Amino acid sequence: MQQGVALLDADLRVVIFNDRIGKLLRAPKGAIEVGVSATRMAAQIPILARTQQSDDSQESWLTHLLKCSTLFYQEISIGERIVSLTSTPVDDGGWLVSCDDISALASIRKDMADQNRRFDAALANMPHGLCMFDADKNLLLCNAGYCRLYDLPETLTRPGTPLWQILDYRQTAGNAPVQREAYFDVVVEAALKGSAASENIVLMDGRVIKITHNPMENGGYVATHEDVTESVRAEEQIKHMAGHDPLTGLPNRALLREKLEKELALRKRCALLCMDLDHFKHANDTLGHAAGDLLLKEVTDRLKKCLGEGDSIARLGGDEFIVFQEEVQTKERAAALAQRLVNAIGETFIVEGQPVQLGVSIGIAITPDDGDTADGVLKNADTALYKAKTDGRGTYCFFEPAMDAGMQKRRKLEVDLRQAIAGSQFEIYYQPQVNAGTEEVVGFEALLRWHHPERGLVSPGEFIALAEETGLIVPLGEWVLRQACKDAASWPGHVRVAVNISPVQFRSPSLIHTVISALADSGLSAFQLELEITESVLLTDSETALATLHHIKKLGVRIAMDDFGTGYSSLSYLRLFPFDKIKIDQSFIRELGDSKDCAAIVKAVVDLGSSLGITTTAEGVETTDQLDQVREHGCTEIQGYFFGKPLPFSHVEKLLRKG
Ligand SMILES: Nc1nc2c(ncn2[C@@H]2O[C@@H]3COP(=O)(O)O[C@H]4[C@@H](O)[C@H](n5cnc6c(=O)[nH]c(N)nc65)O[C@@H]4COP(=O)(O)O[C@H]3[C@H]2O)c(=O)[nH]1
């Protein structure tokens, strides 16, 4: 038997006992014997007389036995052991005393108490709110985090508090869910019906609380409440950044495409206005990028002000914007918006105290007529934009299917052009320039020709503009310059070669280096080289352009102003730079016979040239009549079919040999 037992009679004397009791109580020998009284036992075994420290009873075993007749239970520490001591009154007035080693049980109980304490502490320190409600939506328990989250008074945290009472309080405190009904449906009712889920609930004070609720077996639910405002904001920010342009805050291409796809699915009639700022690159280059950014923000503000209700705007990058106009029943509505945009951007901007003039070109496509996919509509609006730009910029243009064919042709030409540059399909033709008096050849103008594998000889009028737009003119122009120098190096020293330099090529930072190395590689004297530029070179960033011109002129290379008279300010540019030559545009020469004005202009230019000591060349002289007139006006040099069409290099050699 594990238990120790002893039976006491009504006089509290031992009637019977087993050995185990003495061992468990660590009784000295003879302390428990038949006939021994409880008082004597207590004297021999002190713990039986000691007042209890634990339990509710403050009595000792002996005191209780002497005055009481109810069951008495004690736990006593004896050395390392915990021993239970139970004294049960028996019917004839005696007691049955039993004791047991409950050390193992006591240790389990202690562990459980510790665990409970730890659980309570964890509950109190939990950063999240935790609450439990029963099936009738009455509070079972909540932790400190829950109270902190909603600033609940203690009276509302007591078990039994109805949920509606807590929510009413939160309503007045300003932190109830914004959509209280929805909160009930998606969280409370769902949990009570037995489904576990997680929901983000927005509160009246703007915070976002993630509520995770789990149904309990008894029909109630337990929920955690976590303040996720910060992470939701961060997530929103990241999402916003993915769909927006950081500089202007406008939606970007990805977001625009998304919106467009949605509208297209509804088959609504909307307008897409694809915009490109005119002269922005120049402003950005001259003012610097910081000012360029300010300018773009200002542009954005102006564009926004032009929009009507339901219209939206996006930035595709650089100086490209898109306006999306909803519900466009008539083209006039889109045209009116486009005109407002053109007018707004046409007004002078002031950036860092500097006036800046921009413009905007707009291509318009209407859905679903001009495309039923986002990419299709965007492409067509872009095609119309290209047309608006070639129509002279600062204007708008609606997409027409015929434009598409033109655009495809242009794309094909671009592909061909790239292949041509890589595959050496170019050749330079040379057109003689003669002295007006002696008719001696003084030079040749280098004119580019393209031997297209399918189309045969293609003239520069068809591809120079495209080469400029795509930037291909830079490598192409460099090839012309190097080849022309190489060819001219075999000519007599007094025969010059004139090479056209495109404004795009002129702005390229490598131009000066290219000129120097073309001369060095070919061995051509700098004085034999003439660069022909048009006034558009000086139109933008004239200070840098003038510096480049001076640098090249210092090398000994001559500079000619081409197409003189076709621009607006040819005359004023003559004051800015000491040109070596003015080439009077062939449009004046062609009209010489019919227009007195043209004759007067040619005369004025020649006079101006002679007073400034500048050579004047009449371009496009085809007839004896034209030749006589330009000679009469005093032109120094002549170029035109009258003296010779542009010829391949091999013919030039023969011509020069003939003298
Ligand atoms: N009807 C008529 N035309 C005449 C007469 N005399 C000359 N022409 C043509 O007038 C153009 C003169 O060249 P441009 O004004 O510099 O105009 C050139 C020039 O601006 C550009 N270009 C040609 N080659 C190059 C080049 O290597 N680089 C650059 N950047 N542009 C070039 O292409 C333009 C056109 O070149 P082309 O077709 O070769 O046309 C040439 C020439 O063939 C004439 O008596 N009657």
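Residues numbered from 1 in each chain as written. Predicted model: local features only at pLDDT ≥ 70, side-chain atom pairs only at ≥ 80, totals over all residues.

(A) Structural view of the overall build of the protein. Of regular secondary structure, the protein possesses 25 helices and 27 strands. A buried classification covers 32% of the 659 residues belonging to the protein. (Helix = DSSP H or I, 4+ residues; strand = E, 2+ residues; numbered from the N terminus. Buried ≥ 20, exposed ≤ 12 C-beta atoms within 10 Å, placed from the backbone.)

(B) A look at the site of the ligand. Taken together, 21 residues lie near the ligand, and Leu447, Pro460, Asn500, Gly640 and Tyr641 sit nearest. Put simply, the parts of the chain that give the shell around the ligand at least two residues each are β19 (441–452), α15 (460–470), α16 (473–488) and β23 (558–564). Of the residues assigned to the shell around the ligand, the class counts are eight nonpolar, nine polar and four charged. (Near = placed C-beta within 6 Å. Nonpolar A, V, L, I, M, F, W, Y, C, P; charged D, E, K, R; others polar.)

(C) Seen up close, the confidence of the model for the protein. Mean pLDDT over the protein stands at 90; residues scoring 70 or higher make up 98%. When mean pLDDT is compared element by element in the protein, strand β21 (residues 496–500) scores highest at 98, while helix α21 (residues 570–576) scores lowest at 78. (pLDDT = per-residue confidence, 0-100.)

(D) Representation of α16 in the model. Between its terminal C-alpha atoms α16 stretches 21 Å, which fits the 22 Å expected from 16 residues at 1.5 Å a residue. Looking at α16, one finds that the buried residues are Ile473, Val474, Leu476, Gly477, Val480, Leu481, Ala484, Cys485 and Ala488. Looking down the long axis of α16, one finds its buried residues gathered within 165° of arc, a one-sided arrangement. (Expected span 1.5 Å × (residues − 1). Arc of directions from axis to C-beta.)

(E) Quick look at the pairing of β23. In terms of burial, β23 is largely enclosed, as five of its seven residues are buried. Where β23 meets strand β24 (residues 581–584), three bridges bridge the pair, whose relative direction is parallel. Considered in β24, the bridge of Met561 is made with Ile582. (Pairing = 2+ DSSP bridges.)

(F) Quick peek at the packing of helix α14 (residues 401–422) against α15. Taken N-terminus to C-terminus, the directions of α14 and α15 make an angle of 80°; their axes are 10 Å apart at the nearest point. Taken together, the axes of α14 and α15 lie roughly perpendicular to each other. Where α14 abuts α15, its residues Arg410, Leu413, Glu414 and Leu417 lie against Phe463, Leu466, Ala467 and Thr470. Considering only residue class, the contact of α14 with α15 consists of five nonpolar, one polar and two charged. (Axes fitted to C-alpha atoms, helices over the stretch in contact; angles between N-to-C directions. Parallel < 35°, antiparallel > 145°, perpendicular 65-115°, else oblique. Contact = placed C-beta atoms within 7 Å.)

(G) Looking closely at helix α11 (residues 289–306). Over its 18 residues, α11 extends 26 Å from the first C-alpha to the last, a length consistent with the 26 Å expected when each residue adds 1.5 Å. For α11, the complete set of buried residues consists of Gly292, Leu295, Leu296, Val299 and Leu303. Projected onto a plane normal to the axis of α11, the buried residues spread over an arc of 105° and lie on a single side. Turned more than 90 degrees away from the buried face of α11 sit Ala290, Asp301 and Lys305, all of them exposed.

(H) Examining the pairing of strand β6 (residues 129–133) more closely. Alternating positions in β6 separate cleanly, Gly129, Cys131 and Phe133 being buried on one face and Leu130 and Met132 remaining unburied on the opposite face. Sheet topology places β6 next to strand β10 (residues 221–227); five bridges connect them, and they run antiparallel. Following the sheet pairing, Met132 is matched in β10 by Val222. Both β6 and strand β7 (residues 139–142) contribute to a ladder of three bridges, which runs antiparallel. Bridged to Cys131 within β7 is Cys142. The loop that links β6 with its antiparallel partner β7 comprises five residues; one of these, Lys137, has a positive phi angle of about 65°.

(I) Local environment of the nonpolar core. Counting 63 residues, the largest nonpolar core has Ala446, Ala484, Val499 and Val630 as its most contacted members. Sorting elements by how many residues they give to this core places α16 first, with eight residues. If we skip the residues at most four places from it in the chain, Val630 touches Ala436, Ile589, Val602, Ala618, Val621, Cys635 and Ile638. Of all hydrophobic cores here, the second largest spans 47 residues; its members include Leu295, Phe321, Leu341 and Leu358. (Core = buried A, V, L, I, M, F, W, Y, C linked by C-beta atoms within 7 Å.)

(J) Region of interest: the environment of Ile350. By the element assignment, Ile350 lies in strand β14 (residues 349–351). You can call Ile350 exposed: it has 10 C-beta atoms within 10 Å. Each C-alpha atom, one on Ile350 and one on Leu295, is 8.4 Å from the other, the two residues being 55 residues apart in sequence.

(K) Summary view of the sheet that holds strand β2 (residues 14–17). With antiparallel pairing, the five strands of this open sheet are ordered in space as β2-β1-β5-β4-β3. Taken across any chain shown, the strands that pair with only one partner, and hence form the sheet edges, are β2 and β3 (72–78). On average, adjacent strands in this sheet sit at an angle of 20° to one another, irrespective of strand direction. Alignment of strand β1 (residues 4–8) against β2, held across three bridges, turns out to be antiparallel. Each bridged residue has a counterpart across the sheet, and for Leu8 the counterpart in β2 is Val14.

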